[in-house]
Amino acid sequence: MKSKYKVVFLITSLLIVLSISISFLNYAISFSSVQKQLKSQVLPLSLDNIYSDIQKYIIKPHLLSSTMANNSFLKDWLKEEQDIAKIKKYLLTTKKEYALFNTFLVSAKTKNYYSQEGLLEVLKEENPLNEWYFDFIKSDKKHEINLDLNKFMSNNLIMFINYKIFDENSKLLGVTGVALKTSYINDILKTFRTHNHFIVSFYNKNGEIVLSERNINYDYISYEKDNMESFKEKLLSKESSIIEYEKEGDTYLLNSRYIPELDLYLTVEANLKDFTYKVTNVLYFN
């Protein structure tokens, strides 16, 4: 009888070991498959989709700012800077036609700040709220994206797309551009996180996050800033790349893409466990 029990125990043990081994083997294969698919298909395709969705909210206004900066009417008007009604009409028409939050013009000669409402203020270098303008004109950049608060517009965070205006002799005439409420973009970023489990961010060439979903993932953003140097060079490459790294025991995949129109890097980050939980559940069930 003892030998029979031994045989039964041995066979049972072998079946259990075999079953567990097969379960773990299937898990490993499925996990690897999901990871490869995420790297080769899901993240790149999602990056393309996000780029297309973001395009109409950022790139089109960006191109509009460039067009305004090269507009002969604005250049001629800035040389004389008279008849404010004309510039009010131009800025108002542009705002309405392209459904923008705001349009603006700053004169390099007088430092007057105009919008569709007319003259709003005279910019002063000692005013902290005006630092954006003086920093911009001192820089070598012809355009920039600036996130700021403007007391004349709202208490919300506003994205300004600024362009310098030059005359035929490359003399600075002023700065023009458009303003967008980041709440629109924030809603898009939130949708990608809640529906697709992706964290979408925009980095500048210094590796700093200039735009991400508001009021979420502060730990993530802080982590990126603290550990950027480890993969900064790869992230800020002009060629699309996949970065894999560990954080608090989880594996993260980060896909980046350079957007030349904005001079920014669009990134899509995914926590691997958000896409492998079904595989893990099958392992536990087995």
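Since the structure is predicted, the reported quantities are computational estimates derived from the model, not experimental observations.

A. Highlighting the overall build of the protein. For the protein, the count of helices and strands is 8 helices and 11 strands. For the protein, the exposed surface amounts to about 16,500 Å²; the carbon and sulfur share of it is 53%.

B. Summary view of the side chain of Asp-250. With respect to the helices, strands and loops of the structure, Asp-250 is situated in strand β10 (residues 250-259). A polar side-chain atom of Asp-250 sits 3.4 Å from a polar atom in the side chain of Lys-273. Once residues lying within four places of it in the same chain are set aside, the contact partners of Asp-250 are Tyr-245, Asn-271 and Lys-273.

C. A look at the sheet that holds strand β9 (residues 241-247). Taking strand neighbours across the sheet as the criterion, the 5 strands line up as β8-β7-β11-β10-β9 in an open arrangement whose pairing is antiparallel. Two strands lie at the open edges of the sheet, namely β8 (209-212) and β9, each paired on one side alone. Pairs of neighbouring strands in the sheet enclose a mean axial angle of 30 degrees, with direction left out of account. Pairing of strand β7 (residues 198-203) with β8, which is carried by 3 bridges, proceeds in the antiparallel orientation. Across the sheet, the residue bridging to Ser-201 is Ser-212, located in β8.

D. Layout of the confidence of the model for the protein. Residues with a pLDDT of 70 or more make up 84% of the protein, whose mean pLDDT is 81. Mean pLDDT values over the elements of the protein span from 48, in helix α6 (residues 218-227), up to 95, in strand β2 (residues 112-115). Between residues 217-223, whose pLDDT stays under 50, and residues either more than four places distant or in other chains, the model counts 16 contacts.

E. Summary view of the pattern of salt bridges. For the coordinates displayed, the defined rule picks out 5 salt bridges. Residue Asp-48 is joined to Arg-257 by a salt bridge in which the shortest nitrogen-to-oxygen separation is 2.7 Å. One end of the pair, Asp-48, is in helix α1 (residues 2-69); the other, Arg-257, is in strand β10, and 209 residues separate them in sequence. You can call Arg-257 partly exposed: its relative accessible area is 26%. With a closest N to O distance of 3.3 Å, Glu-144 and Lys-141 form a salt bridge. For Lys-141, a relative accessible area of 39% corresponds to the partly exposed category.

Scoring rules and cut-offs
Residues numbered from 1 in each chain as written. Predicted model: local features only at pLDDT ≥ 70, side-chain atom pairs only at ≥ 80, totals over all residues. Heavy atoms only, no water. Helix = DSSP H or I, 4+ residues; strand = E, 2+ residues; numbered from the N terminus. Areas by Shrake-Rupley, 256 points an atom, 1.4 Å probe, with all protein chains shown as cover. Polar contact = N/O pair within 3.5 Å; in protein donor to acceptor, adjacent residues only side chain to side chain. Contact = heavy atoms within 4.5 Å. Pairing = 2+ DSSP bridges. Axes fitted to C-alpha atoms, helices over the stretch in contact; angles between N-to-C directions. pLDDT = per-residue confidence, 0-100. Salt bridge = Lys/Arg side-chain N within 4 Å of Asp/Glu carboxyl O. Buried < 20%, exposed > 50% of the residue type's maximum accessible area, 1.4 Å probe, protein only.

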